[in-house]
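Coordinates in review
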Amino acid sequence: MKTLLFTFVAMLAFAANSILCRVALLEGHIDAGSFTLIRIFSGAITLIVITLFFRQSNSSALPVNKKSVVISSISLLGYALLFSFAYIKLGTGTGALILFGVVQLSMLINYAYKGNHIIGFEWLGIGVAISGFLVLLLPSATRPDLISALLMAVSGVCWAIFTLQGKASGTPLQSTTQGFVGSLVIALLMLPWLLNIGSITQTGLLLAVCSGVFTSALGYVIWYMALKQLTVLTASIVQLSVPAIALLGGTIIVGEPLSFNIVLSTACILGGIALVFIAQQKKTAR
């Protein structure tokens, strides 16, 4: 039950993060580089403060894996930066389709590469979830700008790598903090190319800070905690729920119309996720 709750909260955070990013960038409140820099900076500061006040009891016993920190730092910054720049020219549906499609494909490849066997019930769940995902996004998808589509695809690979690094970690808070701090160091080295003070409005600054503190830093810690109890396959499938949650959130918060496509696709995605969870429980029982 705790794992399901953590997973649900993390998906809510990811969906909220998408909304914050879209509003900030698409309405011109801030440029992509500055948004990413502020997002990473505020997330890193938040995690450092939390780590200082709430040290994990076993964190001191675990040495820092420098290779893992480097990979997490580069993949996190790559995801955040490429995501922001890609969405300048990509439609919302097209961008989400590319991002989460690549994330799932990358994690499934890793899952199979590790020698894991996907049983029939899992394939059924994957098929149902993907069907709902396509129903949700394809009607609103537009022909993508080639460069932007490539940036979003690489962003998806980076997020998949960051997720896999988190699953391998034994300390969610420590690992997330190290990833953010490492990303911030790299971002500061790129400061002249990222920061554009003239483009930052008060609203843009607020949106970037909220993205960094709440829907990124805290959201990723919760996601890492959930990953400890999830298989790579389940983690890849469950992330397909993010676009559905984001659209449902838009309907509830912003008052956007609730279409039949949204209802049908949400049911398919959540149903597919449930099938994968049931299949995983059957494997465990065996």
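In what follows, the accompanying structure is described.

Cut-offs and rules
Residues numbered from 1 in each chain as written. Predicted model: local features only at pLDDT ≥ 70, side-chain atom pairs only at ≥ 80, totals over all residues. Heavy atoms only, no water. Helix = DSSP H or I, 4+ residues; strand = E, 2+ residues; numbered from the N terminus. Buried < 20%, exposed > 50% of the residue type's maximum accessible area, 1.4 Å probe, protein only. Contact = heavy atoms within 4.5 Å. Areas by Shrake-Rupley, 256 points an atom, 1.4 Å probe, with all protein chains shown as cover. Expected span 1.5 Å × (residues − 1). Polar contact = N/O pair within 3.5 Å; in protein donor to acceptor, adjacent residues only side chain to side chain. Phe/Tyr/Trp six-rings, centres within 6.5 Å; stacked < 30°, edge-to-face > 60°. Patch = residues over 30% accessible without salt bridge, like charges linked within 9 Å, V, L, I, M, F, W, Y side chains within 5 Å. Salt bridge = Lys/Arg side-chain N within 4 Å of Asp/Glu carboxyl O. Axes fitted to C-alpha atoms, helices over the stretch in contact; angles between N-to-C directions. Parallel < 35°, antiparallel > 145°, perpendicular 65-115°, else oblique. Left-handed = near helix turned anticlockwise from the far one by under 90°. Nonpolar A, V, L, I, M, F, W, Y, C, P; charged D, E, K, R; others polar.

1. A look at the overall build of the chain
Counting its regular elements, the chain contains twelve helices and zero strands. Counting from the amino terminus, the chain carries its helices and strands in the arrangement α-α-α-α-α-α-α-α-α-α-α-α. Counting the 286 residues in the chain, one finds 51% classified as buried. Here the contacts in the chain between residues at least 6 apart in sequence split such that 90% fall between residues at least 24 apart. Per element, the accessible surface of the chain, about 13600 Å² overall, is 72% carbon and sulfur.

2. As for helix α2 (residues 32-53)
Look at α2: 32 Å from first C-alpha to last across 22 residues, which is about the 32 Å you get at 1.5 Å a residue. Sitting at the head of α2, Asp31 places a side-chain oxygen 3.2 Å from the backbone nitrogen of Gly33.

3. Here's the deal with the packing of aromatic side chains
If you walk through the whole model with that rule in mind, you get eleven aromatic pairs. Both rings, one in Tyr79 and one in Trp159, keep their centres 5.0 Å apart while their planes meet at 45°; by these two values the pair is tilted. Of this pair, Tyr79 sits in helix α3 (residues 66-86) while Trp159 sits in helix α6 (residues 146-168), and the two are 80 residues apart along the sequence. Look at Trp159 and you get buried, because its relative accessible area is 5%. Three or more aromatic residues joined by ring pairs make a cluster, and in this case those are Phe14, Tyr79, Phe83, Tyr87, Trp159, Phe162, Phe180, Tyr220, Trp223 and Tyr224.

4. Remarks on a nonpolar patch on the surface
Residues Phe41, Ile45, Ile48, Val49, Leu52, Phe53, Phe54, Val181, Val185 and Leu189 make up a contiguous nonpolar surface patch of about 990 Å² in total accessible area. Listed by contribution, the elements that provide at least two residues to the nonpolar patch are α2 and α7 (172-189). A total of six residues in the nonpolar patch trace back to one element, the largest contributor, which is α2. By the element assignment, Val185 lies in helix α7.

5. Some details on the environment of Ala15
Within the fold, Ala15 resides in helix α1 (residues 2-26). A C-alpha to C-alpha distance of 8.8 Å links Ala15 and Ser241, two positions 226 residues apart in sequence. Every residue in contact with Ala15, bar those within four places of it in the chain, is listed here: Val242, Ile245 and Ala246.

6. Structural notes on the side chain of Gln239
Among the secondary structure elements, Gln239 is positioned in the loop between α10 (232-238) and α11 (241-254). A relative accessible area of 1% means that Gln239 is categorised as buried. Reaching out from Gln239, the side chain makes a polar contact with the side chain of Trp159 at a distance of 2.5 Å. From its side chain, Gln239 meets the backbone oxygen of Ala235 in a polar contact 3.1 Å long. When sequence neighbours within four positions are dropped, the list of residues in contact with Gln239 reads Met11, Phe14, Phe100, Val103, Met107, Trp159, Thr163 and Trp223.

7. Let's talk about the packing of α1 against α2
Across the interface, α1 lies against α2 with an axial gap of 10 Å and an inter-helix angle of 140°. Between α1 and α2, the angle is such that the two are oblique. Where α1 crosses over α2, the two elements pack in a sense that is right-handed. Packed against α1, whose contacting residues are Asn17, Leu20, Cys21, Ala24 and Leu25, the element α2 presents Ala32, Phe35 and Arg39 at the interface. Partitioned by chemical class, the residues of the contact of α1 with α2 number six nonpolar, one polar and one charged.

8. Quick word on the side chain of Ser175
Examined against the element boundaries, Ser175 turns out to sit in helix α7. Residue class for Ser175 comes out buried when judged on its relative accessible area of 14%. One polar contact links the side chain of Ser175 to the main-chain carbonyl oxygen of Thr171, over a distance of 2.9 Å. Filtering out sequence-adjacent residues up to four positions away, Ser175 remains in contact with Ser169 and Tyr224.

9. Concerning the packing of α6 against helix α9 (residues 202-227)
Where α6 meets α9, the closest approach of the two axes is 8 Å, and the angle between their N-to-C directions is 60°. Between α6 and α9, the crossing angle belongs to the class labelled oblique. Seen along the crossing, α6 lies across α9 with a hand that is right-handed. Residues Trp159, Phe162, Thr163, Gln165, Gly166 and Lys167 of α6 lie in contact with α9, whose contacting residues are Tyr220, Trp223, Tyr224 and Leu227. Residue classes in the contact of α6 with α9 are distributed as six nonpolar, three polar and one charged.

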